[in-house]
Amino acid sequence: MADGLRLDTSGHTLTATIDAGEGNLFTREMMDALIGAVGEAGRTEEVRFVRLRAEGDAFCMGRAKGGTTPDELRGMARRIATVNETLRTTPLTVLTEVNGSAAGFGVGMIGASDIAVAADGATFAFPEIKAGFAPAVVISWARFMLPSRLLYDMVSTGDAIDSARALEAGLLTEVVPVDGLAARVEERIARLEAVDAFALREMKRFLVFTRAMDPGTAAQASVDTLVFSGLRVIGKF
C-alpha cells in the first residue's frame, strides 16, 4: 500500500485503484507498491487477475516529477520499465479500466496490460518531448505495438489521440460509454473466470516466453506446451 494507490484482493482479483488527486500522477512509492503486489499475487494460485483502475477524471497523466542526479533519474527510469515489465510478464491476466485521459507512464501501463477497456472520452498522449525529454522508455515498448508513423507523430509532437484512434491502432481492446465501463470490465473478468485457470496462466506464460521468437522457433516451442497441456487434460499429469 502507498499513498495514492489502493490495493485490494477479493476473490480471484487484485484491484489496484489509482487515487492520487489531480492527474493521478504515480510516485516512486506507488510504483514500488504495484510491483510488489503484482509479484506477490502472481506467486499464488488463488489470484488470477489484476484490475487496474482509477478514481477521478483522469486515469493517469504520468509520473510525479523528481530526481536531479544521474542516479536518481536512472532509478526512476528503471522503476518505470520494471512496472511495465511486471504487468507484461506476470502470469496473471491484467485488465486496465481506462476511465479518462492517460499520458506517458499511464499509457505505458495500458500498453503493458493484456486487456484494455476505455471510456469513449479517454485520450492518450506521450508529452515527454514538450518538457525536453526524449521519450526513450515509451519508444522501447510502443514501437512494437503502434504503427510507426502514428508513434513518431505522437512522440515528436506530444499531441493526444482519442479512444477511437487508440482502438484502431491496437492500444485498446474495446471502447465503451463511461457509465458502462466498470460493468464491462466486470463482465470480462466473469467470463475469464469460467476459463480453466491453469490453461489461462499457461497461455500467458507462453505469450511471454515466445515474444522475442521468430514464427518458426515459436512453433517448435509450442510442441512441449501442447503436449503438457494435453496430458493434463486427459489426466496423465
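About the cut-offs
Residues numbered from 1 in each chain as written. Predicted model: local features only at pLDDT ≥ 70, side-chain atom pairs only at ≥ 80, totals over all residues. Heavy atoms only, no water. Helix = DSSP H or I, 4+ residues; strand = E, 2+ residues; numbered from the N terminus. Buried < 20%, exposed > 50% of the residue type's maximum accessible area, 1.4 Å probe, protein only. Areas by Shrake-Rupley, 256 points an atom, 1.4 Å probe, with all protein chains shown as cover. Lys, Arg positive; Asp, Glu negative; His and termini not counted. Charge placed at Lys NZ, Arg CZ, Asp CG, Glu CD. Pairing = 2+ DSSP bridges. Axes fitted to C-alpha atoms, helices over the stretch in contact; angles between N-to-C directions. Parallel < 35°, antiparallel > 145°, perpendicular 65-115°, else oblique. Left-handed = near helix turned anticlockwise from the far one by under 90°. Contact = heavy atoms within 4.5 Å. Nonpolar A, V, L, I, M, F, W, Y, C, P; charged D, E, K, R; others polar. Phe/Tyr/Trp six-rings, centres within 6.5 Å; stacked < 30°, edge-to-face > 60°. Lys NZ or Arg CZ within 6 Å of the ring centre and 35° of its normal.

Draft legend 1. Seen up close, the overall build of the protein. Across its full length, the protein holds nine helices and 10 strands. Put simply, the protein has 237 residues, and 43% of those count as buried. A total of about 12,300 Å² of accessible surface is found on the protein, and carbon and sulfur atoms cover 55% of it. The average position of the 25 basic charges and that of the 31 acidic charges among the side chains of the protein differ by 6 Å.

Draft legend 2. Examining the sheet that holds strand 8 (residues 123–125) more closely. The four strands are arranged 4-6-8-9 in an open sheet whose pairing can be described as mixed. Only two strands of the sheet have a single partner each, and these edge strands are strand 4 (58–60) and strand 9 (161–162). Where strand 4 lies against strand 6 (residues 101–103), two bridges are found, and the strand directions are parallel. Within strand 6, the residue paired with Ala58 across the bridge is Ser101.

Draft legend 3. Up close: the packing of helix 2 (residues 70–89) against helix 3 (residues 105–112). Interhelical geometry of helix 2 versus helix 3 gives an angle of 20° and a closest axis separation of 8 Å. By the angle between their axes, helix 2 is roughly parallel relative to helix 3. The chirality of how helix 2 crosses helix 3 is right-handed. Across the interface between the two elements, Ile80, Val83, Asn84, Leu87 and Arg88 from helix 2 touch Phe105, Gly108, Met109, Gly111 and Ala112 from helix 3. For the contact of helix 2 with helix 3, the class distribution of residues is six nonpolar, three polar and one charged.

Draft legend 4. Layout of unusual backbone geometry. Even without being glycine, Asn24 reaches a positive phi, approximately 45°. You can see Asn24 is positioned in the loop between strand 2 (13–18) and helix 1 (28–42).

Draft legend 5. Just the environment of Tyr152, in detail. Along the chain, the position of Tyr152 falls in helix 5 (residues 148–157). Residue class for Tyr152 comes out exposed when judged on its relative accessible area of 61%. Between the C-alpha atom of Tyr152 and that of Arg74, which follows or precedes it by 78 residues, the distance is 24 Å.

Draft legend 6. Quick look at the packing of helix 1 against helix 2. Their axes nearest at 10 Å, the elements helix 1 and helix 2 cross at an angle of 30°. One way to sum up the angle between helix 1 and helix 2 is to call them roughly parallel. Crossing angle aside, the handedness with which helix 1 passes helix 2 is left-handed. Contact residues: Arg28, Met31, Asp32, Leu34, Ile35 and Val38 in helix 1; Met76, Arg79, Ile80, Thr82, Val83, Thr86 and Leu87 in helix 2. Taken together, the residues of the contact of helix 1 with helix 2 break down into eight nonpolar, two polar and three charged.

Draft legend 7. Spatial organisation of the pairing of strand 7 (residues 115–119). Among the five residues in strand 7, five count as buried, and that is most of the element. The alternating pattern of strand 7 places Ile115, Val117 and Ala119 on one face and Ala116 and Ala118 on the opposite face, and all of these are buried. Bridge count between strand 5 (residues 93–98) and strand 7: four bridges; the pairing is parallel. Following the sheet pairing, Glu97 is matched in strand 7 by Val117.

Draft legend 8. Seen up close, the packing of aromatic side chains. Taken as a whole and judged by the stated rule, the model has two aromatic pairs. Taking 5.0 Å as the distance between ring centres and 55° as the angle between the ring planes, the aromatic pair formed by Phe26 and Phe105 counts as tilted. Note that Phe26 is positioned in the loop between strand 2 and helix 1 and Phe105 in helix 3, a separation of 79 residues in sequence. As far as burial versus exposure is concerned, Phe26 and Phe105 are alike and both buried. Judged by centre distance (6.0 Å) and plane angle (75°), the ring pair of Phe126 and Trp141 falls under edge-to-face. A residue pair is termed long-range when its members are at least 10 positions apart, and Phe126 in the loop between strand 8 and helix 4 (136–142) and Trp141 in helix 4 qualify at 15 residues. Overall, Trp141 belongs to the buried group, its relative accessible area being 8%. Its guanidinium or amino end placed over the ring of Phe144, Arg143 lies 5.8 Å from that ring's centre, counting from NZ or CZ.

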